[in-house]
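Structure assessment
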Amino acid sequence: MHILRQGYPFIGTMLVIAVILYLLFGVFGIVLPLLLAAYFAYFFRSPDRKVKKDPDIFYSPADGTVMGVTEFYDDEYLNADAKKVTIFLSVLDVHVNRAPLDGTIKYQRYTVGHYLPAYDKEAAFENERFAIGFQKDGLKFLVIQIAGILARRIDNWVSLGSELEQGEIYGMIKFGSCTELVVPKDVEIFSRKGDKVKAGITVMGRLKQ
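Remember, it's a predicted structure, so these values are computed and weren't measured experimentally.

The rules behind these values
Residues numbered from 1 in each chain as written. Predicted model: local features only at pLDDT ≥ 70, side-chain atom pairs only at ≥ 80, totals over all residues. Heavy atoms only, no water. Axes fitted to C-alpha atoms, helices over the stretch in contact; angles between N-to-C directions. Helix = DSSP H or I, 4+ residues; strand = E, 2+ residues; numbered from the N terminus. Parallel < 35°, antiparallel > 145°, perpendicular 65-115°, else oblique. Left-handed = near helix turned anticlockwise from the far one by under 90°. Contact = heavy atoms within 4.5 Å. Nonpolar A, V, L, I, M, F, W, Y, C, P; charged D, E, K, R; others polar. Buried < 20%, exposed > 50% of the residue type's maximum accessible area, 1.4 Å probe, protein only. Pairing = 2+ DSSP bridges. Expected span 1.5 Å × (residues − 1). Phe/Tyr/Trp six-rings, centres within 6.5 Å; stacked < 30°, edge-to-face > 60°. Lys NZ or Arg CZ within 6 Å of the ring centre and 35° of its normal. Arc of directions from axis to C-beta.

As a further point, take the packing of helix α1 (residues 8-25) against helix α2 (residues 31-43). Between α1 and α2, whose axes approach to 8 Å, the crossing angle comes to 165 degrees. The orientation of α1 relative to α2 falls into the category roughly antiparallel. Considering the relative orientation of α1 and α2, their crossing is left-handed. Between α1 and α2, the contacting residues are F10, I11, M14, L15, I17, A18 and L21 on the first element and P33, L34, L36, A37, F40 and A41 on the second. Residue classes in the contact of α1 with α2 are distributed as 13 nonpolar, no polar and no charged.

Written out as structure tokens, the structure is:
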């Protein structure tokens, strides 16, 4: 387990505030900033996970709770009938996103939006979002990061043409959020509403042979 560099400014700010409050008010002034520093260290954690590679399965792209599995026509990237798994990430979940399968990034789209609670049904349409389209041979799939009511920034460390390995970390959403996995309709989905999932560990679906 390690702490992402994106968390250092948050942790450092709280520690500086703790020092200042200690000088002004003594030991009682440092309790809240130290608690916040500890929380930020916890939030920006990134567990080291050994991902078992399998070209026929989709791992969950995020830690959290499955909010639903739906079928629809995806006209953003797949341009075909598709299945979508929606994952809600609470402020206590690990917030890094991992590639569900090997693939090359062929599509990226950032959309400025509102900040509805991530569990709100309208959040996927109205909130800030970042969609990343992967391609592996002839297979296309899409991962969408959706900001929540507390989130104010979606971070990605990849660009068009980047090649990611299954389970590789490519980004995160700061604080409560939602992640969607969109795959072709013929992919067998194992996840169900209410399931707890972990990125790079939970098998979310399998390519039908």
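Now that the structure has been shown, we can carry on.
Turning to the pairing of strand β8 (residues 129-136), a few remarks are in order. Here β8 lies mainly inside the structure; six of its eight residues are buried. Summarising the sheet, β8 and strand β9 (residues 139-147) pair through eight bridges and their orientation is antiparallel. What sits directly across from F130, in β9, is Q145. In textbook terms, the turn of a hairpin is the stretch between consecutive antiparallel strands, and for β8 and β9 this stretch comprises two residues, one of which, D137, has a positive phi near 55 degrees.

In a regular helix each residue adds 1.5 Å, so 18 residues correspond to 26 Å; α1 covers 25 Å between its end C-alpha atoms and thus fits that length. Against the buried residues of α1 lie β1 (2-3) and α2. Phi turns positive one or two residues past the end of α1, at G26, with a value near 85 degrees.

This paragraph deals with the packing of aromatic side chains. In this structure the tally under the stated criterion is ten aromatic pairs. Seen in terms of ring centroids, F10 and F40 are 5.2 Å apart; in terms of plane orientation they differ by 50 degrees. Their pairing is tilted. Placement of the pair is F10 in helix α1 and F40 in helix α2, with a sequence separation of 30 residues. Since its relative accessible area comes to 25%, F10 is described here as partly exposed. R45 extends its terminal NZ or CZ atom over the ring of Y42, reaching a point 3.8 Å from the ring centre.

Attention now moves to the environment of L139. Among the structural elements, L139 can be located in strand β9. For L139, a relative accessible area of 15% corresponds to the buried category. Each C-alpha atom, one on L139 and one on P184, is 8.2 Å from the other, the two residues being 45 residues apart in sequence.

On to α2. With 13 residues, α2 should reach 18 Å at 1.5 Å per residue; the first-to-last C-alpha distance of 18 Å fits that figure. When we look at burial in α2, the residues that qualify are P33, A37, F40 and F43. The buried residues of α2 all sit within an arc of 125 degrees when viewed along its axis, so they share a single face. Packing partners of the buried residues in α2 comprise α1, β2 (45-46) and β12 (169-173).

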